[in-house]
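Observations on chain architecture
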Amino acid sequence: GMPVEQNPPALSLYEGADSGLRCNFSTTMKSVQWFQQNHRGRLITLFYLAQGTKENGRLKSTFNSKERYSTLHIKDAQLEDSGTYFCAAETSSGQKLVFGQGTILKVYL
Amino acid sequence: EAGVTQSPRYAVLQEGQAVSFWCDPISGHDTLYWYQQPRDQGPQLLVYFRDEAVIDNSQLPSDRFSAVRPKGTNSTLKIQSAKQGDTATYLCASSRGLQDTQYFGPGTRLLVL
């Protein structure tokens, strides 16, 4: 299977809703990064985690290396949260990032 | 602190033509990455450098792609004899070390006709 499996592939939310994205890994990863790609294609770094949980405003991310998953939780979704979200995990051997396929998020009024 | 910059922003080529992409990483970042992102897919690593040394270029199509970072700062990715399958966005990223947050440039969107 794919080393990084990201779900869901697409997500629609009304403004103010909460939801989560998840990445499962086929093997133990050293760290994970979450990115938002905006409509212009720019990848914006949201989180870097080697373990545990981090929060930043309405976003919260967790990485569990042992259980081989990471999550990104969005609280009180806003229109500007629309975009494509990617997780990318650093492999234990290659010291390089492997990206998931992305989640296309659309937030509606 | 200036971010990662790339040029050009767009390129349109006929098959068989050559093109070069340029990347200026964040000052002080010793590690530089080139990714290819086909439409509707996640970025895929092509090559990365620590200073001027290539650390991994195993995913770089070596017969037509080349990448250099001669002084350990700016980098150039070149495609000789482009093919339609090379149509994608080419992203450059840099980080302070091999195990640190990567920061991405705006990308170069390539269309090969």
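Keep in mind that what you see is a predicted model, and the values were worked out from it rather than measured. (Residues numbered from 1 in each chain as written. Chains lettered and ligands numbered in written order. Predicted model: local features only at pLDDT ≥ 70, side-chain atom pairs only at ≥ 80, totals over all residues. Heavy atoms only, no water.)

**Here's the deal with the interface of chain B and chain A**
Note the following rule: Note on contacts: a residue pair qualifies if any of its non-hydrogen atoms lie within 4.5 Å across the two residues. Buried area counts how much accessible surface, traced with a 1.4 Å probe, disappears from two parts once they are put together, with both parts' losses summed. When a carboxyl oxygen of Asp or Glu is within 4 Å of a side-chain nitrogen of Lys or Arg, the pair counts as a salt bridge.
Chain B puts 22 residues into the contact, and the matching count from chain A is 20 residues. Taken together, both faces of the contact between chain B and chain A bury some 1700 Å²; the carbon and sulfur share is 45%. The interface formed by chain B and chain A contains one salt bridge. D56(B) is paired through a salt bridge with K96(A); the nearest N and O atoms lie 2.8 Å apart.

**What about the nonpolar core?**
Short version of the rule: Take the buried residues of types Ala, Val, Leu, Ile, Met, Phe, Trp, Tyr and Cys, join any two whose side-chain atoms come within 4.5 Å, and each joined set is a nonpolar core. When a residue's accessible area, from a 1.4 Å probe over protein chains only, is under 20% of the maximum for its type it is buried; when over 50% it is exposed; and in between it is partly exposed. Starting at the N terminus, helices and strands are each numbered in turn, a helix being any DSSP run of H or I of at least four residues and a strand any DSSP run of E of at least two.
Counting 23 residues, the largest nonpolar core has F21(B), W34(B), L77(B), I79(B), Y90(B) and L110(B) as the members making the most contacts within it. Of all the secondary structure elements, the ones that give two or more residues to this core are β2 (10-13), β3 (19-24), β4 (31-37), β5 (44-50), β7 (65-68), β8 (75-79), β9 (88-95) and β11 (108-112) of chain B. When near neighbours in sequence (up to four residues on either side) are disregarded, I79(B) contacts Q17(B), A18(B), V19(B), F21(B), R64(B), F65(B), D86(B), Y90(B) and L110(B). Judged by nonpolar contacts, the second largest core, of 22 residues, contains M29(A), L46(A), A89(A) and L105(A).

**Focus: unusual backbone geometry**
Here the amide bond leading from N7(A) into P8(A) is cis, since omega sits at -5°, within 30 degrees of zero. Inspection of the secondary structure puts P8(A) in the loop between β1 (4-7) and β2 (10-14). In this model, S7(B) is joined to P8(B) through a cis peptide bond whose omega is -10°. Within the secondary structure, P8(B) is located in the loop between β1 (5-7) and β2. For D40(B), which is not a glycine, the phi torsion comes out positive at approximately 65°. Summarising the element assignment, D40(B) is placed in the loop between β4 and β5. Even without being glycine, D51(B) reaches a positive phi, approximately 55°. Assessed through its relative accessible area of 35%, D51(B) is described here as partly exposed.

**Observations regarding a negative patch on the surface**
Rule in force here: Like-charged residues are merged into a patch within 9 Å and nonpolar side chains (Val, Leu, Ile, Met, Phe, Trp, Tyr) within 5 Å, provided each residue has over 30% relative accessible area and no salt bridge. Shrake-Rupley sampling with a 1.4 Å probe provides the accessible areas, and residues are treated as covered by the protein chains on show and by no other component. Asp and Glu count as negative and Lys and Arg as positive, but His and the ends of the chain are not part of the count. Charge coordinates come from a single atom per side chain, which is NZ of Lys, CZ of Arg, CG of Asp or CD of Glu.
On the surface, E15(A), D18(A), D76(A) and E80(A) cluster together to form a negatively charged patch. E80(A) gets classed as exposed once you look at its relative accessible area, which sits at 57%.

**Considering the pairing of β11(B)**
Regular strands show a simple pattern: their side chains alternate between the two faces of the sheet. Residues and elements named next belong to chain B. Selection rule: When DSSP finds two or more bridges between a pair of strands, those strands are recorded as paired.
Residues of β11 alternate between two faces, with T108, L110 and V112 buried on one and R109 and L111 left unburied on the opposite face. For β2 and β11, the ladder comprises four bridges, and the chain directions are parallel. Pairing of A11 across the sheet is with L110, part of β11. Here β9 pairs with β11 via three bridges, running antiparallel. Directly across from A88, in β11, lies its bridge partner L110.

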